[in-house]
Amino acid sequence: MRHVLGLLATASVVAACSQGLPPVEIEAVVETASVAGTGDAADDPAVWVAENPADSLIFGTDKDNGVYVYTMTGAEHAYLPEGRLNNVDVRYGFDLGDRVVDLAAASDRSNGGIAFFFIDPASREVTYVGAVTVAGVTEPYGFCLYRSPVDQSLYAFLSDKEPGTFVQYALGWDGTVVTTQEVRRVTLGTIAEGCVADDRTGQLYMNEENVGVWTMGAEPTDPAEPQPIAVTDGREITADAEGAALLPQGERGGWLVVSSQGDNTYAVYDLESHAFVTRLQIVDAVIDGATHTDGLDISAADLGPEFPAGVLVVQDDENDTGGQNFKFVDLRSVIAAIEASTPSE
């Protein structure tokens, strides 16, 4: 706890006397309609990649009502009003015995646990399959999934809002419902939400909103000993450190992208060295820019003619027509901005 408090104190002092590093400007090319919830409602997206790239889908939570599912044009594909869902993530190949489906899951404040959805890979139908209430979590908040490269087991990480505890669960199927078994937990100390796991390297990244970014091994046998890699210092990240997403390259490389909610930017870190690379900002263009982003997701897969190299999806807290929605950015512009900021060897 001492090292956490020390990091928090350092971040507070630096932020009080510093200014954010200048960001590189990028633009959104697609947006969704505003979600039904009023006020601070839209929260976190997740990308599902279809066999036919253009048929891919974007999940986006409305933390007052449930989850929306959008096409790559931003049109509504489905709306499932299944409770106060906060963060959402997807993984592929969930074995039910008689068939294999893809899985979307979200932190569920209505039921005090995790909500689960099946995605039919062929029809793209999304079906709510119930929620699991978990013990020892007061307020479900952040959430991400992890597929182990060691044995292909599927895990969920669920954060308890305060004091920023991340609980890891092994997921299974008993023939009727998705099962959860707690395997370990770690407490960062203050409010923590955004998380993302790297299925290639077995690393978990966690955002402690007013402190910074932490990483630790994602395997249940790894030590629950998070190490700091970035500080909410007002230069790279301005509180809150919110959503987290990976832009992978190769077997281990790529970047971690963190939404710096306090100054409408996105901090980028090298995944191998953890070195700061640059900051991005989605600015007004044909589509209005994104401000105070909470959740975000990235897919580097081919997602059809409009997004052949993938997409960055972010939550926007103030759509120009009112309410909150989600913005899609062509990943080619994101990669170009990052590579232009990366020193050549």
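See the structure shown above.
Quick look at the structure, then. (Residues numbered from 1 in each chain as written. Predicted model: local features only at pLDDT ≥ 70, side-chain atom pairs only at ≥ 80, totals over all residues. Heavy atoms only, no water.)

## Side note on the overall build of the protein
Part 1: Summing up its helical and strand segments, the protein has two helices and 25 strands in all.
Part 2: Here the C-alpha atoms of the protein give a radius of gyration of 19 Å, agreeing with the 20 Å that 2.2 N^0.38 yields for 345 residues.
Part 3: Each principal axis of the C-alpha atoms in the protein carries an extent, and together these give about 55 × 50 × 45 Å.
Part 4: Residue burial in the protein is summarised as follows: out of 345 residues, 56% are buried. (Helix = DSSP H or I, 4+ residues; strand = E, 2+ residues; numbered from the N terminus. Rg over C-alpha atoms; globule rule 2.2 N^0.38 Å. Buried < 20%, exposed > 50% of the residue type's maximum accessible area, 1.4 Å probe, protein only.)

## Examining the sheet that holds strand β4 (residues 57–62)
Part 1: Strand order in the open sheet formed by four strands is β3-β4-β5-β6, with antiparallel pairing between adjacent strands. At either margin of the open sheet sits one strand with a lone partner, and together these are β3 (42–48) and β6 (76–80). Neighbour-to-neighbour, the strand axes of the sheet open up by a mean angle of 20°, direction not taken into account.
Part 2: When β3 meets β4, the two strands line up antiparallel, connected through five bridges. Note that in β4 the partner of A42 across the bridge is D62. (Pairing = 2+ DSSP bridges. Axes fitted to C-alpha atoms, helices over the stretch in contact; angles between N-to-C directions.)

## Some details on the nonpolar core
Part 1: Counting residues in each nonpolar core, the largest one holds 23 residues, and the members touching the most others are I26, L247, Y266, I282, L312 and V334.
Part 2: Every element with two or more residues in this core is listed here: β19 (241–249), β20 (253–260), β21 (265–270), β22 (276–282), β23 (296–299), β24 (311–316) and α2 (331–341).
Part 3: Sort the elements by how many residues they give to this core and α2 lands first, with five residues.
Part 4: Among the nonpolar cores identified, the runner-up in size contains 20 residues, and A105, F143, L158 and V167 belong to it. (Core = buried A, V, L, I, M, F, W, Y, C linked by side-chain atoms within 4.5 Å.)

## What to know about α2
Part 1: Taken as a whole, α2 has its buried residues at L331, V334, I335, A337 and I338. With its buried residues spanning 160° around the axis, α2 presents them on a single face. (Arc of directions from axis to C-beta.)

## Let's talk about the pattern of salt bridges
Part 1: For the structure shown, the criterion picks out 13 salt bridges.
Part 2: A salt bridge links K63 to D294, with the nearest nitrogen and oxygen atoms 4.0 Å apart. Separated by 231 residues along the polypeptide, K63 in the loop between β4 and β5 (66–71) and D294 in the loop between β22 and β23 bring together distant segments of the chain. Per residue, the accessibility class of K63 equals that of D294, and both read buried.
Part 3: Here R109 and E139 are joined by a salt bridge, their closest N and O atoms 3.6 Å apart. Placement of R109 in the loop between β8 (100–108) and β9 (113–119) and of E139 in the loop between β10 (126–133) and β11 (140–147) is noted, with a sequence separation of 30 residues between them. (Salt bridge = Lys/Arg side-chain N within 4 Å of Asp/Glu carboxyl O.)

## Considerations on the layout of surface pockets
Rolled over the atoms, a probe as big as a water molecule pinpoints where empty space is left.
Part 1: In this structure, the largest pocket encloses a volume near 630 Å³.
Part 2: If you go around the largest pocket, you meet 35 residues; those closest to its centre are D89, R91, V196, D297 and I298.
Part 3: Looking at the lining of the largest pocket, the elements that each hand over two or more residues are β3, β7 (85–95), β11, β15 (192–198), β19 and β23.
Part 4: Its residues assigned to classes, the lining of the largest pocket comprises 19 nonpolar, five polar and 11 charged. (1 Å grid on protein atoms, 1.4 Å probe; cavity = no way out; pocket = protein on both sides within 12 Å on 5 of 7 lines; lining within 4 Å. Points joined across faces, edges and corners; volume = space filled by probe spheres on them. Nonpolar A, V, L, I, M, F, W, Y, C, P; charged D, E, K, R; others polar.)

## Here we look at the sheet that holds strand β18 (residues 227–231)
Paired through backbone hydrogen bonds, the strands of a sheet run either parallel or antiparallel to each other.
Part 1: In space, the four strands of this open sheet follow the order β15-β16-β17-β18, with antiparallel pairing throughout. Of all the strands in the sheet, the pair left with one neighbour each is β15 and β18. Neighbour to neighbour, the strand axes of the sheet diverge by 25° on average, direction disregarded.
Part 2: Examined bridge by bridge, β15 and strand β16 (residues 203–208) share five bridges and lie antiparallel to one another. Bridged to A192 within β16 is E208.

## Some words on the pairing of strand β17 (residues 212–217)
Part 1: The buried fraction of β17 amounts to six of the six residues, a majority that puts the element mostly inside the structure.
Part 2: Once β16 ends, the chain turns through three residues before running back antiparallel as β17.
Part 3: Summarising the sheet, β17 and β18 pair through four bridges and their orientation is antiparallel. Paired with W214 across the bridge in β18 is P228.

Coordinates in, geometry out; function isn't part of it.
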